[in-house]
Amino acid sequence: YRGRSWEVGQGNNVYIFPGVGLGALLAEAGEVTEQMFTVAAETLAAEVSPSEIERGLLYPGLRRLRDVSHRIALAVARQAIEEGVAEQRSPEELERLLAERTWEAEYTPFVPA
């Protein structure tokens, strides 16, 4: 636009909703509050690097999707605990649960017949 290129980014469907959902699961939250969404949005905004902002991005690059979603999940879990809608858990326990509950794709090698 007017001599400048803009990169398209993703927001709620790629970062916020998975991060909120995973954070609620980690904390075993009894409810998802407005403040949990607020902390998710604030965490997402803080993850946009200066170079990404310079390139016109509103969201972090998709190459960092997993790391950013994990940071959002941990922030949401901490918020749930702080609000009293989840049981007390230490930061170390949340990190351990995050590592245990993160799905890793494993593909069978393709062998042509």
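Our structure's up above, just so we're on the same page.
Residues numbered from 1 in each chain as written. Predicted model: local features only at pLDDT ≥ 70, side-chain atom pairs only at ≥ 80, totals over all residues. Heavy atoms only, no water.

(A) Inspection of the side chain of S69 at higher detail. The residue S69 is located in helix α4 (residues 65–83) in this model. Judged by relative accessible area, which is 9%, S69 ranks as buried. Once you skip the residues sitting within four places of it in the chain, S69 turns out to touch V14, Y15 and G19. (Helix = DSSP H or I, 4+ residues; strand = E, 2+ residues; numbered from the N terminus. Buried < 20%, exposed > 50% of the residue type's maximum accessible area, 1.4 Å probe, protein only. Contact = heavy atoms within 4.5 Å.)

(B) Broad picture of the layout of surface pockets. In this structure, the largest pocket encloses a volume near 170 Å³. For the lining of the largest pocket, the secondary-structure elements that each account for two or more residues are α1 (12–27) and α4. Ranked by the residues each element gives to the lining of the largest pocket, the list is headed by α4, at four residues. Residue composition of the lining of the largest pocket, by class: five nonpolar, three polar and two charged. (1 Å grid on protein atoms, 1.4 Å probe; cavity = no way out; pocket = protein on both sides within 12 Å on 5 of 7 lines; lining within 4 Å. Points joined across faces, edges and corners; volume = space filled by probe spheres on them. Nonpolar A, V, L, I, M, F, W, Y, C, P; charged D, E, K, R; others polar.)

(C) Spotlight on the packing of α1 against helix α5 (residues 91–101). For the pair α1 and α5, the least separation of the axes is 10 Å and the interaxial angle reads 120 degrees. The orientation of α1 with respect to α5, classified from their angle, is oblique. Of the two possible hands of crossing, α1 and α5 adopt the one that is right-handed. Here α1 contributes L22, L25 and L26 to the contact with α5, which in turn contributes L94, L97, L98 and R101. Along the lines of polarity and charge, the residues of the contact of α1 with α5 split into six nonpolar, no polar and one charged. (Axes fitted to C-alpha atoms, helices over the stretch in contact; angles between N-to-C directions. Parallel < 35°, antiparallel > 145°, perpendicular 65-115°, else oblique. Left-handed = near helix turned anticlockwise from the far one by under 90°.)

(D) View of helix α2 (residues 34–46). Along its 13 residues, α2 runs 19 Å from first to last C-alpha, staying within 8% of the 18 Å computed at 1.5 Å per residue. For α2, the secondary structure elements touched by its buried residues are α1 and α4. (Expected span 1.5 Å × (residues − 1).)

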